[in-house]
Structure formats: structure tokens, C-alpha cells
Amino acid sequence: MSNKTLMIIKPDAVKRQDMGYILSRIKAAGFKVRRLEMKRLSVDKAKDFYKVHAERPFYDSLVSFMSSGPVVVGWLERENAVNSWRQLIGATNPAEAAVGTIRKDIAESLEANSVHGSDSDENAEIELNFFFEDRPH
Ligand code: CMP
């Protein structure tokens, strides 16, 4: 079980200035923030990041949303990081997210769901390398 994961604060949450709220939830859950960076994804970078969804009907809209404004990307560490972060953010669709999760508390919609988390240790490795190419291993 790996101890690291990638998180993204998505454009809807950055637009509402919810970064501090999300970072306080991250601290309260015992994560250590190893890297944190605000950036604007180009359409090509957003396409590349979500290429696994390229055939899905929501792909074009997702790419457009993710490149519509700044995001904050972070490298989080704690024991069982992938599952712990996914539990804290809740279900992809905020309407189905458990009470007390970040998406239940602040997300707007299935697309504008405020935060992203890697879904496996293997993908965490891929996604951390995608944003933090120079990170030490
Ligand atoms: P995320 O966890 O970043 O992974 C893929 C994203 O696609 C997801 O969060 C949502 O923001 C977005 N999305 C939009 N529509 C759907 C859908 N029908 N199913 C899954 N994800 C969707």
C-alpha cells in the first residue's frame, strides 16, 4: 500500500476561493502536503490528463471545464493515502457523496465536483509524475 496520492482543487473550487477550506480538511485528516502548485491547464494538458476518459460522452465538456480556470495540484502523503483521500472527498457525484465529505459540503455538480483524487496506487504514481516530473522517488 502506497502512502502518496495526487489531489486537484478544480476550477469551480478555486473560483469560489475554497482552497483554504480544502487544505484545512487535508491537514485535519493527517495528510502532509509535499508539493502544492496553482496552475492553469492548457486544453492539451487537460486532454492528456483525462485521456482514459477520451471515449466517454462527458470528455469534451470535462476538458473544457478543467482548462477554464486555475487549478491547484498537490502531492499528499499519509498512510493509505489513495483510499483516505477518496474517502474524504466522497463519491464522484456530489448528490451521492456521504455527509461530511468535501464534495457533499461544497461541490456543485458531477462535472464541477471541486476535487480530484487518484483512484489507485498505480495511477497515483502516474498522476504525480504527470504534474511533478522532477519529484524525488
Ligand atoms: P474525477 O474524479 O476528476 O474523474 C473524472 C471526472 O469526470 C470526474 O471527476 C467528474 O468531474 C467528471 N465527470 C463528468 N461526468 C461524469 C460521469 N458521468 N461519470 C464520471 N465522471 C464524470
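Heads up: the structure comes first, above all this text.
Because the structure is a prediction, the values reported are computed rather than measured.

A. Structural detail: the layout of surface pockets. Of the pockets and cavities examined, the largest pocket occupies roughly 750 Å³. Taken together, 26 residues line the largest pocket, and the ones lying closest to its centre are Tyr50, Val52, His53, His116 and Asp119. Every element with two or more residues in the lining of the largest pocket is listed here: α3 (43-49), α5 (81-89), β4 (115-117) and α7 (121-131). Here the lining of the largest pocket gets four residues from one element, more than from any other, and that element is α7. Looking at the lining of the largest pocket residue by residue, the classes come out as ten nonpolar, eight polar and eight charged.

B. Region of interest: α5. Among the residues making up α5, those that are buried are Ala81, Val82, Ser84, Trp85, Leu88 and Ile89. Positioned one or two residues after α5, Gly90 has a phi angle of 90°, which is positive.

Rules behind the numbers
- Residues numbered from 1 in each chain as written.
- Predicted model: local features only at pLDDT ≥ 70, side-chain atom pairs only at ≥ 80, totals over all residues.
- Heavy atoms only, no water.
- 1 Å grid on protein atoms, 1.4 Å probe; cavity = no way out; pocket = protein on both sides within 12 Å on 5 of 7 lines; lining within 4 Å.
- Points joined across faces, edges and corners; volume = space filled by probe spheres on them.
- Helix = DSSP H or I, 4+ residues; strand = E, 2+ residues; numbered from the N terminus.
- Nonpolar A, V, L, I, M, F, W, Y, C, P; charged D, E, K, R; others polar.
- Buried < 20%, exposed > 50% of the residue type's maximum accessible area, 1.4 Å probe, protein only.

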